[in-house]
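# An overview of the molecular structure
This is what each chain is made of:
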Amino acid sequence: MTSFSVQAPRAVVMIRPHHFHPNPETEQDNVFQTRDGTRTTSEIATQAHAEVTRAAEALEQVGVKVHLFEDETKETPDSVFPNNWFSTHAGGHIAIYPMFSPNRRRERRGDVIEMLKHEYRVQDVIDYSGLEQDGLSLEGTGAMVLDHISRIAYAAKSNRTNEVAMERFCTHFNFEPIIFDAADEAGRLIYHTNVLMCVGTSFAMISLETISNLHRRQEVRNRLTENGREIIDLSFNQINDFAGNALELSGSQGRVLALSRRALKALRPEQIRIIERSATLLPLDVPTIELAGGSVRCMMAGVHLTPRF
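Residues numbered from 1 in each chain as written. Predicted model: local features only at pLDDT ≥ 70, side-chain atom pairs only at ≥ 80, totals over all residues. Heavy atoms only, no water.

### Some remarks on the overall build of the protein
This is how it is decided: Helix numbering and strand numbering both begin at the N terminus, where a helix is a DSSP run of H or I of at least 4 residues and a strand a DSSP run of E of at least 2. We call a residue buried when its accessible area falls under 20% of the maximum for its residue type, exposed when it is over 50%, and partly exposed in between, using a 1.4 Å probe and counting protein chains only. By definition, residues are in contact when any of their heavy atoms lie within 4.5 Å. Note on areas: Shrake-Rupley, 1.4 Å probe, and residue coverage restricted to the protein chains presented here. Charge assignment in this entry is limited to Lys and Arg as positive and Asp and Glu as negative, and neither His nor the chain termini are counted. Just so you know, the charge point we use is NZ for Lys, CZ for Arg, CG for Asp and CD for Glu.
Along the protein, the regular secondary structure elements total 8 helices and 15 strands. Out of the 309 residues in the protein, the part that is buried amounts to 58%. Expressed as a percentage of contacts within the protein between residues at least 6 apart in sequence, the contacts between residues at least 24 apart total 76%. Counting only carbon and sulfur atoms, one obtains 47% of the accessible surface of the protein, whose full area is about 12,600 Å². Between the averaged position of the 33 positive side-chain charges in the protein and that of its 40 negative side-chain charges there is a distance of 3 Å.

Below you can see the structure in the form of structure tokens.
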């Protein structure tokens, strides 16, 4: 397998929830959320806890370091998706983000940031959470899909992605912003960019048909392919099965693409072949977590920092 890539971190932060349930505050603009009337609240929480445990173990087995934190509170149903409230960047930088839903703002936790400072070389922490007072949201690498190689931040407009906040992030972190309108088959804005696209080292997965403006669609395609990436064009049905919600990581034997079992089943054989030219597929079973409208990529905050030890 190919060598380490700046696009594919060697470590991730994950949160294991003890009281998981789909968030009622977010279901209005997150059409990927679903309800399960066949299981009790307790059963859903227990199974979500087990899914995170197994996912973390599977990542560790392929050589990805997992910093696993527990969430035993009942006030943060979406804490399993830490990539929305912070991100890390080469050179020792951390960003903390403003969140759209009030109960999601409680997910930010100092112990995660302190661990990163202790384990990795951190130069600064830029906190944008104060923008919430002005009604501005930018939900991390859910709102933005970052190309760390070409320094481009892709973002679909939504309640969770404010253009002013994004411009500020891009100025501080040296990314070029590419913002576009993206909607599902019913014309509803897609709440997070990372459900419709994933940028790897040698490939990019994206549902181009969600971008109705044909000129903008071609522009996004061109920027994704300008450094030689191959495009895997996803359908509406495939992103509904979370095929775009994947994350490329660096394991001990090369790069892996972490995605859900459901997402893998949605991919066509020729799409799988493109991925397998440069990365090993790592499917994870997270059907309970997916009730909340996010999948494997949302569950991991990549660590793009240099270890101290």
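### Some remarks on the environment of phenylalanine 20
Tracing the chain through its elements places phenylalanine 20 in the loop between strand S1 (11-17) and helix H1 (41-61). Through-space distance from the C-alpha of phenylalanine 20 to that of threonine 288 is 9.2 Å; in sequence the pair is 268 residues apart. Not counting residues up to four positions away in its chain, the partners in contact with phenylalanine 20 are Ile44, Ala45, Ala48, Pro77, Val80, Thr288, Ile289 and Ala292.

### Looking at the side chain of threonine 193
Stated formally: Definition of a polar contact: a pair of N or O atoms within 3.5 Å, with one able to donate and the other able to accept a hydrogen when the atoms are protein atoms, and with sequence-neighbouring residues admitted only if both atoms are side-chain atoms.
With respect to the helices and strands, threonine 193 occurs in the loop between strand S8 (176-180) and strand S9 (197-199). Assessed through its relative accessible area of 0%, threonine 193 is described here as buried. Within the local environment of threonine 193, its side chain forms a polar contact with the backbone nitrogen of alanine 156, the two atoms lying 2.8 Å apart. Sequence-distant contacts of threonine 193, defined by excluding residues within four places in its chain, comprise Gly142, Ala143, Met144, Val145, Tyr154, Ala155, Ala156 and Phe180.

### Description of the environment of glycine 200
Position of glycine 200 relative to the elements: it lies in the loop between S9 and strand S10 (203-206). Between the C-alpha atom of glycine 200 and that of serine 79, which follows or precedes it by 121 residues, the distance is 25 Å. The residues touching glycine 200, leaving out its near neighbours within four places in the chain, are Gln7, Arg229 and Glu248.

### A closer look at helix H5 (residues 214-225)
To be explicit about the condition: For a helix, the expected span equals 1.5 Å multiplied by the number of residues minus one.
Here H5 spans 17 Å end to end across 12 residues, near enough to the 16 Å set by a 1.5 Å rise per residue. Capping the start of H5, asparagine 213 holds a side-chain oxygen 3.0 Å from the backbone nitrogen of histidine 215, two or three residues further along.

### Some thoughts on the pairing of S10
Rules: Two strands qualify as a pair provided that DSSP identifies no fewer than 2 bridges between them.
In S10, alternate side chains face the same way, and those of Phe203 and Met205 on one face and Ala204 and Ile206 on the other are all buried. Examined bridge by bridge, S9 and S10 share 3 bridges and lie antiparallel to one another. Of the residues in S10, the one forming a bridge with methionine 197 is isoleucine 206. Here S9 folds back onto S10, and the loop between the two strands holds 3 residues. In this structure, S10 lies alongside strand S11 (residues 230-233), joined through 4 bridges in parallel fashion. Residue pairing in the sheet places alanine 204 in a bridge with isoleucine 231 of S11.

Purely geometric numbers; function is a separate question.
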